[in-house]
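Summary of structural features
Each chain, written out:
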Amino acid sequence: MNYIEFTVDMPPNGDENCSEILIADLADLGFESFTEEDGKVKGYVTEADYGLYEIMIDNYLADTGYKYDKKYIENSTNWNAQWESNFHPIDVDGRCYIRAPFHEEAAGYEYIVTIMPKMSFGTGHHATTHLMIEAILDSDLADCTVLNMGSGTGVLAILAIMAGADSVDAIDIDEWAYENCRENAEINDASDRINIMLGDASLLKEPRKYDFIFANINRNILLADMGKYADSLKPEGGLFMSGFLDIDSGKISDKAINLGLKPTDKNLRDGWCMMKFIKVK
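Here goes a summary of the coordinates provided. (Residues numbered from 1 in each chain as written. Predicted model: local features only at pLDDT ≥ 70, side-chain atom pairs only at ≥ 80, totals over all residues. Heavy atoms only, no water.)

**Considerations on the overall build of the protein**
The number of helices and strands found in the protein is eight helices and 14 strands. Relative to the compact-globule value of 19 Å for 281 residues, the protein shows a C-alpha radius of gyration of 18 Å, a close match. Dimensions of the protein along its principal axes, counting C-alpha atoms only, are 50 × 45 × 35 Å. Taking contacts inside the protein between residues at least 6 apart in sequence as the whole, the part at least 24 apart equals 66%. In the form shown here, the protein has an accessible surface area of approximately 12800 Å², with 47% of it arising from carbon and sulfur atoms. Computed over 24 positive and 49 negative side-chain charges, the separation of the two mean positions in the protein equals 6 Å. (Helix = DSSP H or I, 4+ residues; strand = E, 2+ residues; numbered from the N terminus. Rg over C-alpha atoms; globule rule 2.2 N^0.38 Å. Contact = heavy atoms within 4.5 Å. Areas by Shrake-Rupley, 256 points an atom, 1.4 Å probe, with all protein chains shown as cover. Lys, Arg positive; Asp, Glu negative; His and termini not counted. Charge placed at Lys NZ, Arg CZ, Asp CG, Glu CD.)

**Remarks on the sheet that holds strand 4 (residues 68-73)**
What the four strands build is an open sheet, ordered 2-3-1-4; its pairing is antiparallel. The open sheet has two free edges, formed respectively by strand 2 (33-37) and strand 4, since each of these has just one partner strand. On average, each strand axis in the sheet is tilted by 20° relative to the strand beside it, whichever way the strands run. Across the sheet, helix 2 (residues 47-64) touches strand 1 (3-9), strand 3 (40-46) and strand 4, and the angle it forms with strand 1 is around 20°. (Pairing = 2+ DSSP bridges. Axes fitted to C-alpha atoms, helices over the stretch in contact; angles between N-to-C directions.)

**Here we look at the pairing of strand 1**
Counting buried positions along strand 1 gives six out of seven residues, so the element sits mostly inside the fold. As paired elements, strand 1 and strand 3 share seven bridges and run antiparallel to each other. Paired with Tyr 3 across the strands is Thr 46, a residue of strand 3. Direction of pairing for strand 1 relative to strand 4: antiparallel, over a ladder of six bridges. The partner of Tyr 3 across the bridge, within strand 4, is Ile 73. (Buried < 20%, exposed > 50% of the residue type's maximum accessible area, 1.4 Å probe, protein only.)

**Observations regarding the pairing of strand 2**
Relative to strand 3, strand 2 runs antiparallel, the two being bridged by five bridges. Bridge pairing in strand 3 links Phe 34 to Gly 43. Counted along the chain from strand 2 to the antiparallel partner strand 3, the turn is two residues long, and its residue Asp 38 has a positive phi close to 50°.

**Some words on helix 6 (residues 175-187)**
The end-to-end C-alpha distance of helix 6 is 19 Å, a good match for the 18 Å that 13 residues give at a rise of 1.5 Å each. Turning to helix 6, its buried residues number three or more, namely Trp 176, Ala 177, Tyr 178, Asn 180, Cys 181, Asn 184 and Ala 185. The opening residue of helix 6, the one whose side-chain oxygen lies 2.9 Å from the backbone nitrogen of Ala 177, is Asp 174. Positive backbone phi, at 55°, marks Asp 189, one or two positions downstream of helix 6. (Expected span 1.5 Å × (residues − 1). Polar contact = N/O pair within 3.5 Å; in protein donor to acceptor, adjacent residues only side chain to side chain.)

**Remarks on the sheet that holds strand 5 (residues 90-92)**
An order of 5-6-7 is seen for the three strands of this open sheet, with the pairing classed as mixed. Where the open sheet ends on each side, the last strands, each with one partner, are strand 5 and strand 7 (111-114). Pairs of neighbouring strands in the sheet enclose a mean axial angle of 15°, with direction left out of account. Across four bridges, the pairing between strand 6 (residues 96-99) and strand 7 is parallel. Across the sheet, Cys 96 pairs through a bridge with Tyr 111, a residue of strand 7. With respect to the sheet, helix 4 (residues 127-137) is in contact with strand 5, strand 6 and strand 7, its orientation differing from that of strand 5 by roughly 45°. The strands touched by helix 5 (residues 155-162) within the sheet are strand 6 and strand 7, with strand 7 carrying the most contacts at an inclination of about 145°.

**Some words on the environment of Val 92**
With respect to the helices, strands and loops of the structure, Val 92 is situated in strand 5. Each C-alpha atom, one on Val 92 and one on Trp 176, is 26 Å from the other, the two residues being 84 residues apart in sequence. Sequence-distant contacts of Val 92, that is, excluding residues within four places in its chain, are made with His 130, Ile 133, Glu 134 and Leu 137.

**Digging into the nonpolar core**
Ranked by size, the top nonpolar core spans 58 residues in total, and within it Cys 96, Ile 194 and Phe 214 carry the most contacts. Beyond its immediate stretch of four places on either side in the chain, Ile 194 contacts Ala 157, Ile 158, Ile 161, Val 168, Ala 170 and Ala 185. With 23 residues, the next largest nonpolar core counts Ala 215, Tyr 229, Leu 261 and Phe 277 among its residues. (Core = buried A, V, L, I, M, F, W, Y, C linked by side-chain atoms within 4.5 Å.)

The values are spatial; any link to function lies outside them.
Okay, here's the thing in structure tokens:
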């Protein structure tokens, strides 16, 4: 799979949330992964998705007035090495340590997850993944059935198994993420309890029900698919959603309440939001 890399210069005196808003908007236009460094945001969109959204992406960036460059990146060993070189170990609240196979091992953590990052979203660096990891750490998943929508690297699915879940269904629409999740599940000896599927919410079928659903995608997909998530929850089951900014939390909450879900928790990180809802009996 080939990618287009966009490097966008953030204004030095701009709003502190401008990069978060940019990332959220580009995610709605097909972008899969992002990095931030030295006042720049780098976003990656597949060649195929760029073909679908090209006019909207170019118009959006032109309207922002930000300076940007774009270049074509062919899927290759060199590209994988470049992506991996930007991946650094992550400490989440002193409880969970996320590392790549080429990093030094660590001790003193409840959970150590090894992730070969490649081009899948979900290494823990982004605020939304960090928020979801915290949600898993604060939940009792013992012997539970779990669904991870937008599984990316599989880090949330793998952590859920480590935290005691009986089984996890991990679903992502991107083939790259699907293959990367399979690889990472094997690295962490979790392959036998994670059912990895390529597709979207249409894969959610009766009578399968879940104790917990962790959906880290984007605002538009969450709003479109939330009804299917609600239908797939057991009574008193928990739905955790992230991938949206705090400014959009009202829309997420209103839709959830209309579906019979009760808001119980909300956490923020760098302007991004995670919300928890319970399915009312």
